[in-house]
Amino acid sequence: MNNSWLGLEGKTAIVTGGASGIGKAVVQEFLDNGVNVVVGDMSSNVPNFEIGENSGKVLYIKTDVTDFNSVSEMVAKAKESFGGIDILVNNAGINIPRLLVDDNDPKGKYELDEYIFDKIVNVNQKGAFFCAQAVARELVKKGSGVIINMSSESGLEGSEGQSIYAATKNAVNSFTRSWAKELGKKGIRVVGIAPGILEATGLRTIEYETALAYTRGITVENLREGYSKTSTTPLGRSGKLTEVADLVCYVASDRASYIHGVTYNIAGGKTRG
Ligand SMILES: NC(=O)c1ccc[n+]([C@@H]2O[C@H](COP(=O)([O-])OP(=O)(O)OC[C@H]3O[C@@H](n4cnc5c(N)ncnc54)[C@H](O)[C@@H]3O)[C@@H](O)[C@H]2O)c1
């Protein structure tokens, strides 16, 4: 019986990149709301999720979103295990800061090259396409469902030192708008979510911070100070992963039944959204 405000109990969600960071928080929030969750992640570190009396069930399927066959297998197993799919959260993503031109280093250590370009596009853009297509084939058959694309406020605004990352996120925003036009008439909603600076996740490695600070001509300490400055984020703090997970759950629920084809900024006022 659905008796919560969101009414998500008994639904089935696939969350890509659900082994860490935002994805992990989304998985936990779904489980707490009685959703059965398939975690599709390439990591071998299977996280522990808290399972209560009314929680949904969780199934971990090692998946590489850049591999068509791996994605097809994940979707087939999700269907077989839970009898259908209602929600996809296209969350798996990577970020490797690079400059268009690194004229400070003779070897161009932090200059964007074809390898990094392809790597980021493959996960953030092609991976989102593979997953959306495989899941949408199922959603179209039953005439309902929700696809949520994890974007970034950098995709709305651009970002110094993160041009290819921001470009893939802008591409994801464009997927959201176009897929909404294709799938809305088939009863499927598509919504994007664009977080700003959040508490640390797996993305924020020392290599990431060192590279990003270099591209901006600042120190890692300066970069870290910016995480909680009101000049960067008017609310003066990083966002919580649970705040993003709450938005995902709301958007996935029928409470958001008229929200479609847009990307929500969740960035403490960092950008105009
Ligand atoms: N952390 C932030 O501040 C922030 C801000 C805006 C947007 N985002 C976006 O949120 C999403 C999640 O990021 P996060 O910060 O939680 O990062 P994270 O590194 O903690 O989690 C990303 C997960 O994706 C998985 N993954 C990477 N490549 C994969 C692949 N090819 N196939 C399957 N899984 C793969 C990783 O194993 C990892 O578990 C990303 O799309 C990211 O761009 C993050």
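Each residue is numbered by its place in its chain's sequence as written, counting from 1. Local features in a predicted model are, by the rule used here, given only for residues with pLDDT of at least 70; side-chain atom pairs are given and counted only at 80 or more, and totals for whole chains, interfaces and linings are based on all residues. Side-chain figures throughout are based on the complete set of non-hydrogen atoms in the structure, without hydrogens or water.

What to know about the site of the ligand
Link 1 in the chain: The local shell around the ligand holds 28 residues, among which Ser20, Asp41, Asn91, Tyr165 and Thr201 are the closest.
Link 2 in the chain: Throughout this description, a polar contact denotes any pair of N or O atoms lying within 3.5 Å of each other; where both atoms belong to protein, one of them has to be capable of donating a hydrogen while the other can accept it, and for residues adjacent in sequence the pair is counted only when both atoms sit in side chains. Separating an oxygen atom of the ligand from a backbone N or O atom of Gly21 is a distance of 3.5 Å.
Link 3 in the chain: The backbone of Asn91 places a nitrogen or oxygen atom 2.8 Å from an oxygen atom of the ligand.
Link 4 in the chain: Considering the ligand on its own, with 830 Å² of exposed area, one finds that the protein chains cover 90% of that surface.
Link 5 in the chain: Looking at the shell around the ligand, the elements with two or more residues in it are α1 (21-32) and α5 (163-183).
Link 6 in the chain: Tallied by class, the residues present in the shell around the ligand amount to twelve nonpolar, 13 polar and three charged. When we say a residue is near a molecule or strand, we mean one of its heavy atoms is within 4 Å of it. Residue-level accessible areas treat just the shown protein chains as cover; the underlying method is Shrake-Rupley with a 1.4 Å probe. Secondary structure follows DSSP: runs of H or I at least 4 residues long count as helices, runs of E at least 2 residues long count as strands, and numbering of each begins at the N terminus. In this classification, Asp, Glu, Lys and Arg are treated as charged, Ala, Val, Leu, Ile, Met, Phe, Trp, Tyr, Cys and Pro as nonpolar, and every other residue, Gly included, as polar.

Side note on the state of the cysteines
Link 1 in the chain: Any two cysteine sulfur atoms lying within 2.5 Å of each other are counted as a disulfide. For the structure on display, the rule yields zero disulfides.
Link 2 in the chain: With no disulfide of its own, Cys131 lies closest to Cys249 among cysteine sulfurs, the gap being 19 Å.
Link 3 in the chain: A residue is classified by how much of its surface remains accessible, and Cys131, at 0% relative accessible area, is buried.
Link 4 in the chain: Judged by its relative accessible area of 1%, Cys249 is buried. Between buried and exposed lies partly exposed: a residue is buried under 20% and exposed over 50% of the maximum accessible area for its type, with that area taken using a 1.4 Å probe on protein chains only.

Examining the side chain of Thr12
Link 1 in the chain: Within the secondary structure, Thr12 sits in strand β1 (residues 12-16).
Link 2 in the chain: Setting aside residues up to four positions removed in sequence, Thr12 forms contacts with Val35, Asn36, Phe82, Gly84, Ile85, Asp86 and Ile87. Residue contacts are counted whenever heavy atoms from the two residues lie within 4.5 Å of one another.

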